[in-house]
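# Secondary and tertiary structure notes
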Amino acid sequence: MGRSLKYEIPGVDPRVPLSDVAEKGWTSVFASTASGRAPFQPDGLEEKPRRVLEIGFGRGEFLLAMAAREPEVQFIGIEVSWKRTLKMARKVARAKLENVRLVDDRAEHSIQALFEPESLEAIWINFTDPWPKTRHAHRRLIQSGFVGDAAVALESSGKLFVATDDVPYAHQIDEVLSGAARLQNLYAPCPFVSEVRGRARTGYEDQWRSEGRPLHFFAYGPSPHSHAGRATCGRAKRGGAK
Ligand SMILES: C[S@@+](CC[C@H](N)C(=O)[O-])C[C@H]1O[C@@H](n2cnc3c(N)ncnc32)[C@H](O)[C@@H]1O
């Protein structure tokens, strides 16, 4: 099976090669949609589009739900699995969502090339792979270098949301995010919360909930304490198993 960008996608293929975005920019990529929802104002000045990124969308439930709810927002999904990206491309095309673009790559390798500084309203990273074996821990996405790049890509009012079911990874995420320049914990004084009212669920999340695993939701952005009092802190036992 080849890696053709047009493989079995009904209608517009939402997948975009990294090189296209790097060369032409997102404005050009999104302006080519059938709706012609190009972000231009009548006087010709370019309007800043609202742009949201999900990294590791997996089976895509969360990204599809967000994109259907907010058609005026441009959604970008980065996923390292080519098969998942291909399946998601079919779902996006079948749902006729014109505000989604998919990039098949490692987020830590592509985030800087894909996004100008201060160009994203939000970044969602849901149930990122925990790589539980010590010798594999270096493969975890949430590391200070990547988080630094993500913080640069976020608008000054942008937010970074991270979720995990893995207790040791939750401690690492807490350490990395709390040490990141430009980012403040929106759940402070809690490091994370274990429930967020009204939040859409992801495919993996449903599975982890049915298995009774502990959930950890982190939210970082520019303004501290904006959620204080609305949530109860979650608890993670240091060194505990999943
Ligand atoms: C455990 S699954 C979670 C999927 C989905 N977010 C959910 O909650 O149902 C993690 C996903 O992240 C993807 N992934 C892992 N590392 C990645 C990376 N460095 N860049 C982009 N995607 C990644 C995997 O291929 C997988 O689809």
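Residues numbered from 1 in each chain as written. Predicted model: local features only at pLDDT ≥ 70, side-chain atom pairs only at ≥ 80, totals over all residues. Heavy atoms only, no water.

Our next topic: the packing of aromatic side chains. This structure, assessed with the given rule, holds seven aromatic pairs. Both rings, one in Trp-26 and one in Phe-115, keep their centres 5.9 Å apart while their planes meet at 20°; by these two values the pair is stacked. Taken together, the residues Trp-26 in helix H1 (residues 18-31) and Phe-115 in the loop between helix H4 (107-114) and strand E4 (120-126) connect sequence positions 89 residues apart. Residue classification places Trp-26 among the buried residues on the basis of a relative accessible area of 4%. Judged by centre distance (5.5 Å) and plane angle (50°), the rings of Phe-192 and Phe-218 are tilted. With Phe-192 in the loop between strand E6 (184-185) and helix H7 (203-210) and Phe-218 in strand E7 (residues 216-221), the pair connects residues that are 26 residues apart, well separated along the chain. The exposure class of Phe-218 is buried, given its relative accessible area of 2%. These aromatic residues form a ring-pair network of at least three members: Trp-26, Phe-30 and Phe-115. Above the plane of the ring of Phe-30 lies Arg-101, whose end atom (NZ or CZ) is 4.8 Å from the centre. One cation-aromatic arrangement involves Arg-213 over Trp-208; the distance from NZ or CZ to the ring centre is 3.8 Å. (Phe/Tyr/Trp six-rings, centres within 6.5 Å; stacked < 30°, edge-to-face > 60°. Helix = DSSP H or I, 4+ residues; strand = E, 2+ residues; numbered from the N terminus. Buried < 20%, exposed > 50% of the residue type's maximum accessible area, 1.4 Å probe, protein only. Lys NZ or Arg CZ within 6 Å of the ring centre and 35° of its normal.)

A word on the pattern of salt bridges. Within this structure, the stated rule accounts for 14 salt bridges. A salt bridge links Lys-24 to Asp-20, with the nearest nitrogen and oxygen atoms 3.5 Å apart. Of this pair, Lys-24 and Asp-20 both sit in helix H1, four residues apart, roughly one helical turn. The class for Lys-24 is partly exposed, based on a relative accessible area of 46%. The shortest N-O distance in the salt bridge between Glu-121 and Arg-50 comes to 2.8 Å. You can see Glu-121 sitting in strand E4 and its partner Arg-50 sitting in the loop between H1 and strand E1 (51-55), a full 71 residues away along the chain. Of the residues examined, Arg-50 reaches a relative accessible area of 32% and is grouped as partly exposed. (Salt bridge = Lys/Arg side-chain N within 4 Å of Asp/Glu carboxyl O.)

On to the sheet that holds strand E5 (residues 154-164), then. Read across the open sheet, the seven strands follow the order E3-E2-E1-E4-E5-E7-E6; overall the sheet is mixed. Each of the sheet's edge strands pairs with one partner strand only, and the pair in question is strand E3 (100-104) and E6. As paired strands, E4 and E5 are joined by six bridges and run parallel to one another. Residue pairing for E5: Ile-125 is matched across the bridge by Val-162. Against the sheet, H1 contacts E1, strand E2 (74-79) and E3, and its axis sits at roughly 130° relative to E3. (Pairing = 2+ DSSP bridges. Contact = heavy atoms within 4.5 Å. Axes fitted to C-alpha atoms, helices over the stretch in contact; angles between N-to-C directions.)

On to the packing of H4 against helix H5 (residues 144-153), then. Direction vectors running N to C along H4 and H5 enclose 25°, while the axes themselves pass 10 Å from each other. The angle between H4 and H5 places the two elements in the roughly parallel class. Helix-helix and strand crossings are classified by hand; for H4 and H5 the assignment is left-handed. From H4, Ala-107, Glu-108, Ile-111 and Gln-112 reach across to H5, where they touch Phe-146, Asp-149 and Ala-150. Along the lines of polarity and charge, the residues of the contact of H4 with H5 split into four nonpolar, one polar and two charged. (Parallel < 35°, antiparallel > 145°, perpendicular 65-115°, else oblique. Left-handed = near helix turned anticlockwise from the far one by under 90°. Nonpolar A, V, L, I, M, F, W, Y, C, P; charged D, E, K, R; others polar.)

What follows is about the environment of Lys-159. Relative to the elements of secondary structure, Lys-159 occurs in strand E5. Taking the relative accessible area as the measure of exposure, Lys-159 reaches 27% and is therefore partly exposed. Sequence-wise, Lys-159 and Leu-120 are 39 residues apart; in three dimensions their C-alpha atoms are separated by 8.5 Å. Not counting the four nearest positions on each side in its chain, Lys-159 is found in contact with Glu-121, Ala-122, Ile-123, Leu-154, Leu-186, Tyr-220 and Gly-221.

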